[in-house]
Amino acid sequence: MALAEIFRQAAAAVKRASTMVITAGAGMGVDSGLPDFRGDQGFWRAYPLYEPLGISFISAANPDHFERDPAFGWGFYGHRTNLYRTTIPHAGFGILLDWIARFQLDHFVVTSNVDGQFQKGGFAADHILEVHGSIHFLQCTLPCSPAIWENREAIPVDPANMRAQKIPACINCGGVARPNILMFGDSSWLNDRTAQQSKRFDNFLHRSRKPLVVVELGAGTAIPTIRNLSELLGNGNKATVIRINPREPQITPPRIALTTGALSGLLQIDSALTIQ
Ligand SMILES: [Zn+2]
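Notes on the structure in this doc start here. Just so you know, these numbers come straight off a predicted model, no measurement behind them. (Residues numbered from 1 in each chain as written. Predicted model: local features only at pLDDT ≥ 70, side-chain atom pairs only at ≥ 80, totals over all residues.)

This paragraph deals with the sheet that holds strand β9 (residues 212-217). Strand order in the open sheet formed by six strands is β3-β2-β1-β9-β10-β11, with parallel pairing between adjacent strands. In the strand order of this sheet, the two ends are held by β3 (128-130) and β11 (256-258), each with one partner. Each adjacent strand pair in this sheet contributes to an overall mean axis angle of 15 degrees, direction not counted. Bridge count between strand β1 (residues 19-24) and β9: six bridges; the pairing is parallel. Bridge pairing links I22 to V215 in β9. (Pairing = 2+ DSSP bridges. Helix = DSSP H or I, 4+ residues; strand = E, 2+ residues; numbered from the N terminus. Axes fitted to C-alpha atoms, helices over the stretch in contact; angles between N-to-C directions.)

Before going further, it helps to examine the packing of helix α7 (residues 91-102) against helix α11 (residues 262-275). Two elements in contact, α7 and α11, have axes separated by 9 Å at closest approach and are oriented at 35 degrees. Relative to α11, α7 is oriented so that their crossing is left-handed. Seen from α7, the contacting residues are A91, G92, I95 and L96; seen from α11, they are A262, L263, L266, L267 and D270. Of the residues in the contact of α7 with α11, the class split is seven nonpolar, one polar and one charged. (Left-handed = near helix turned anticlockwise from the far one by under 90°. Contact = placed C-beta atoms within 7 Å. Nonpolar A, V, L, I, M, F, W, Y, C, P; charged D, E, K, R; others polar.)

The subject of this paragraph is the nonpolar core. Counting residues in each nonpolar core, the largest one holds 43 residues, and the members touching the most others are A10, V14, V109, V213, V214 and I242. Element by element, the count of residues in this core is highest for α11, at six residues. In this structure I242 touches A10, A13, V213, V214, V215, E216, I256 and L258, once residues within four positions along its chain are discounted. With 16 residues, the next largest nonpolar core counts F43, Y47, Y77 and V157 among its residues. (Core = buried A, V, L, I, M, F, W, Y, C linked by C-beta atoms within 7 Å. Buried ≥ 20, exposed ≤ 12 C-beta atoms within 10 Å, placed from the backbone.)

As a further point, take the environment of K238. With respect to the helices, strands and loops of the structure, K238 is situated in the loop between α10 (225-236) and β10 (240-244). Separated by 27 residues in sequence, K238 and P211 place their C-alpha atoms 7.9 Å apart.

And the structure:
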């Protein structure tokens, strides 16, 4: 099928929908200039200082650092916090909001990204499920209590050694705080905030009007949580699933696969909507 025809089909699915679920993985941030940590080489391109130390993304994203060497742990997460705080979400976020307004779509975002870019891009916080938590929230490393609070701290990081020059403290015990993110090999992540978001999403699905369209953006196969959810909604909720992915677009027909980046895919669907 010609590519233009596939974009027309995607546009038609958006236009006739009453409800849109946006599912997103790391590829959604790439067009805003964010690294997606694809493989060790991808990680070391973003964080070259870790290559000679032999530190991969999986070993950097480990909660043990906050106990053993908080300045190292916060070096990586402080750098990312600062990066996400200063990043401007790309135009694709605005295109999605425009469709929501134009076609009066009930909507919800489910993202594996911890970067807070959907909130920053203008989506309401109570319409977002962050399945792996958010870097913009903190919890105690122990944890000493179930408290989860917003990270309002400045965390300067020395770029010469990637060590944090200030360590956020727990609001209860004064010990080391950590990001409220599910890391690798993580048994102390407090999932209460994500569980509340998940409950809101379940309620949303329960009352959602048909037809439902799922727009999946940049969700990879390495950790397939987001892809599995999109397919589940396609099967259980009879949603039309539009998978936008430049490298791994595979999905069973009649679902729609668009082999392109997130922003490019959204722009082309948007053009097809204008023509219709
Ligand atoms: Zn504490």
